[in-house]
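Residue strings, one per chain:
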Amino acid sequence: MPSITFVHPDGRAQRIDASNGESAMQAATRHDVGGILAECGGNAMCATCHVYVDEGWLARLPAMGDDEDALLDGAAAERRANSRLSCQIKLAADLDGLVLNLPDRQL
Amino acid sequence: MSATSRIDAATPERSAPAGVPRLDVDPFSTEFFEDPHRIHDVLREAGPVVWLEKWGVYGVARHAEVHAVLNDPLTFCSSRGVGLSDFAKEKPWRPQSIILEADPPAHTRTRAVLAQVLSPAAMKQVREHFTAMAAAKVDELLARRSFDAVADLAEAYPLSVFPDAMGLKQEGRENLLPYASLVFNAFGPPNQLRQEAIERSAPHQAYVAAQCQRENLAPGGFGACIHARADAGDITAEEAPLLVRSLLSAGLDTTVNGIGAAMYCLARFPDQLARLRSDPTLARNAFEEAIRFESPVQTFFRTTTREVELAGHRIGEGEKVLMFLGAANRDPRRWENPDRYDVTRRTSGHVGFGSGIHMCVGQLLARLEGEVMLAAIARKVASIEISGPVKRRYNNTLRGLESLPITISPA
């Protein structure tokens, strides 16, 4: 069971236990992590589960699809090189310890 | 549940498959439209999969099964129609949609075009204008105090922004709502609602067909953006008008009923209006929760492309499966206090916009319209009172009101 950490814009770290196979977004909504809206419910259609992946983890994540890439261009907060949609980050044991930084807004 | 029972069910008599609970309810009847919640409960509690005798189709009403069917588009396909009519056996009433009534890989290409035209980035372009128009509408209605929240708000506001955003001409816009009503009635069975809608459809169909042509769409609008994608080679010149038609079919009546649902909720639950007024940033979630609570789009069908097991029941190839989105959105297995309208609820995961590859491509536009309207109400309106008889509008797919007389007071 991977454990992942969301870091809020004020620096507060929130560590949660995720299940294998669920997405980082699903884990966040299940644990009520504020700052992840996930309006579309994980269908890569809304860009409201935007995260900045912590240094060192980016290369270990699954590759970005075209849908996600296009959506990130329209994300409310600034798009950076380490921007991802957390609904597209499927969790497994090898991502135990993953750190995701939350943007200041999703809308 | 045995394989042989499927042979029986495939005969014209359409007898119920063994082991699947048989229900004698008609989800396309006036009785159902007036009070779907009681029958939704019966459908959910009967089992994960039910058989609807009246129309000879399977039904799923629990969140888990509705979600599962929506997310397996190769088994539960859309290309044989998302209404009762099976396009493999019956000619569609209009040329088949190349996005709604299509499967991958064909769907993937057309979907990408509409997803880009209605992307988060595109919404940023229209947001300011939509916000100003919502504020102006609420100011106008505050001056009147008493009005019909359906005609004067839920219809009037989307009509004041959507046709312009599409780039439509002024003339003929009165055809838009009747056309959409027709489209959503036509997903239903061959009942009176569907038959009458199709009989009266000729002028509305002619209007929409003309509006889908490039020369009738103003530059910069969503319609022109779709045609521009034909220049880029992403779709053909013949496909572009059909994609414009998709937006004209599904882009207006849906938001009308979504905003209508939100108004009906705020009028019935003053504590939730008070909560929204205390924090107008809840506007977007208050709209989303109204979509869950009322589910303006109640149902869609899929057709099985192979024999499949769903929740322990074997379903044969070529069977229609009716998904009760409204029932899934109030399934107590998925939602706490499902019958409570709560503007602070975490609504993610509701299926009011569907789920999976066919999930509403205009969901961001719907949320934008709903959010800015409810934000204007949160800032400007102190109270909403129902001040006359509430009348329901009957449609085979859309749930909404014909009339909602209300009186509002300024904040």
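1. Some thoughts on the overall build of chain A
Along chain A, the regular secondary structure elements total two helices and five strands. The secondary structure elements of chain A, listed N-terminal to C-terminal, are β-β-α-β-α-β-β. By the compact-globule yardstick of 13 Å for 107 residues, chain A fits well, its C-alpha radius of gyration being 12 Å. In chain A, which comprises 107 residues, the proportion classed as buried is 52%. A sequence separation of at least 24 residues applies to 62% of the contacts in chain A between residues at least 6 apart. Here chain A has roughly 4800 Å² of accessible surface; of this, 45% comes from carbon and sulfur atoms. Charge-centre separation for chain A: the mean point of 9 positive side chains lies 3 Å from the mean point of 16 negative side chains.

2. Description of the interface of chain A and chain B
On the chain B side, the residues contacting the 19 residues of chain A number 17 residues. Both sides of the chain A and chain B interface together cover about 1200 Å² of buried area, and 48% of this is carbon and sulfur. Inspection of the chain A/chain B interface yields three salt bridges. A salt bridge links R346 of chain B to D32 of chain A, with the shortest nitrogen-to-oxygen separation between them at 2.7 Å. Between the two partners, chain A and chain B, sit eight residue pairs in polar contact (both at pLDDT 80 or more). Taken together, the residues of the side of chain A that touches chain B break down into 12 nonpolar, five polar and two charged.

3. Section: the packing of aromatic side chains
All names here are of chain B. All told, the structure shown has nine aromatic pairs over all chains when counted by the stated rule. Ring centres of F28 and F301 lie 6.1 Å apart, and the angle between their planes is 15°; this geometry places the pair in the stacked category. Here the residue F28 occupies a position in the loop between β1 (22–23) and α2 (30–34), and F301 occupies one in strand β6 (residues 299–304), the gap between them amounting to 273 residues. Like F301, F28 is buried. Consider the rings of F33 and Y394, whose centres lie 5.9 Å apart with planes at 25°: the pair is stacked.

4. Quick word on the sheet that holds strand β3 (residues 57–60) of chain B
Strand-to-strand pairing in sheets goes through backbone hydrogen bonds, with the strands running parallel or antiparallel. All names here are of chain B. Read from one edge of the open sheet, six strands run β1-β2-β3-β9-β6-β4, paired in mixed fashion. This sheet does not close on itself; its edge strands, each paired only once, are β1 and β4 (76–77). Both β4 and β6 contribute to a ladder of two bridges, which runs antiparallel. Counterpart to F76 in the pairing with β6 is T304. Contacting β3, β4, β6 and β9 (320–324), helix α4 (residues 63–70) crosses the sheet at an angle of about 125° to β9.

5. Points about the environment of P280 of chain B
Residues and elements named next belong to chain B. Structurally, the position occupied by P280 is in the loop between α14 (270–278) and α15 (283–294). Here P280 falls in the partly exposed class, since its relative accessible area comes to 30%. Through-space distance from the C-alpha of P280 to that of E238 is 44 Å; in sequence the pair is 42 residues apart. Residues in contact with P280, not counting those within four places in the same chain, are A378 and R379.

6. Description of helix α2 (residues 66–73) of chain A
Among the residues of α2 of chain A, those classed as buried are E68, L71 and L72 of chain A. With its buried residues spanning 100° around the axis, α2 of chain A presents them on a single face. Turned more than 90 degrees off the buried face of α2 of chain A, the exposed positions are D66 and D73 of chain A. Where α2 of chain A is buried, its residues touch β3 (50–53) and β4 (83–85) of chain A together with α6 (120–144) of chain B.

7. A few points about the state of the cysteines
One pass over the full model with this rule turns up zero disulfides over all chains. Here C225 of chain B stays free of any disulfide, with the sulfur of C212 of chain B as its closest cysteine sulfur at 15 Å.

8. Here's the deal with the pattern of salt bridges
Evaluated as defined, the whole model comprises 40 salt bridges over all chains. Between R79 of chain A and D69 of chain A there is a salt bridge whose closest N-O contact spans 2.7 Å. Here D69 of chain A lies in helix α2 and R79 of chain A lies in the loop between α2 and β4, a separation of 10 residues in the sequence. A relative accessible area of 33% places D69 of chain A in the partly exposed class. Its salt-bridge partner being R229 of chain B, residue D234 of chain B comes within 2.6 Å of it at the nearest N-O pair. Residue D234 of chain B is classed as partly exposed on the basis of its relative accessible area, which comes to 28%. Among the charged side chains, a salt-bridge network with shared partners connects E39 of chain A together with R127, R284, E288, R367 and E371 of chain B.

Conventions adopted
- Residues numbered from 1 in each chain as written.
- Chains lettered and ligands numbered in written order.
- Predicted model: local features only at pLDDT ≥ 70, side-chain atom pairs only at ≥ 80, totals over all residues.
- Heavy atoms only, no water.
- Helix = DSSP H or I, 4+ residues; strand = E, 2+ residues; numbered from the N terminus.
- Rg over C-alpha atoms; globule rule 2.2 N^0.38 Å.
- Buried < 20%, exposed > 50% of the residue type's maximum accessible area, 1.4 Å probe, protein only.
- Contact = heavy atoms within 4.5 Å.
- Areas by Shrake-Rupley, 256 points an atom, 1.4 Å probe, with all protein chains shown as cover.
- Lys, Arg positive; Asp, Glu negative; His and termini not counted.
- Charge placed at Lys NZ, Arg CZ, Asp CG, Glu CD.
- Buried area = accessible area lost by both parts, 1.4 Å probe.
- Salt bridge = Lys/Arg side-chain N within 4 Å of Asp/Glu carboxyl O.
- Polar contact = N/O pair within 3.5 Å; in protein donor to acceptor, adjacent residues only side chain to side chain.
- Nonpolar A, V, L, I, M, F, W, Y, C, P; charged D, E, K, R; others polar.
- Phe/Tyr/Trp six-rings, centres within 6.5 Å; stacked < 30°, edge-to-face > 60°.
- Pairing = 2+ DSSP bridges.
- Axes fitted to C-alpha atoms, helices over the stretch in contact; angles between N-to-C directions.
- Arc of directions from axis to C-beta.
- Disulfide = S-S within 2.5 Å.

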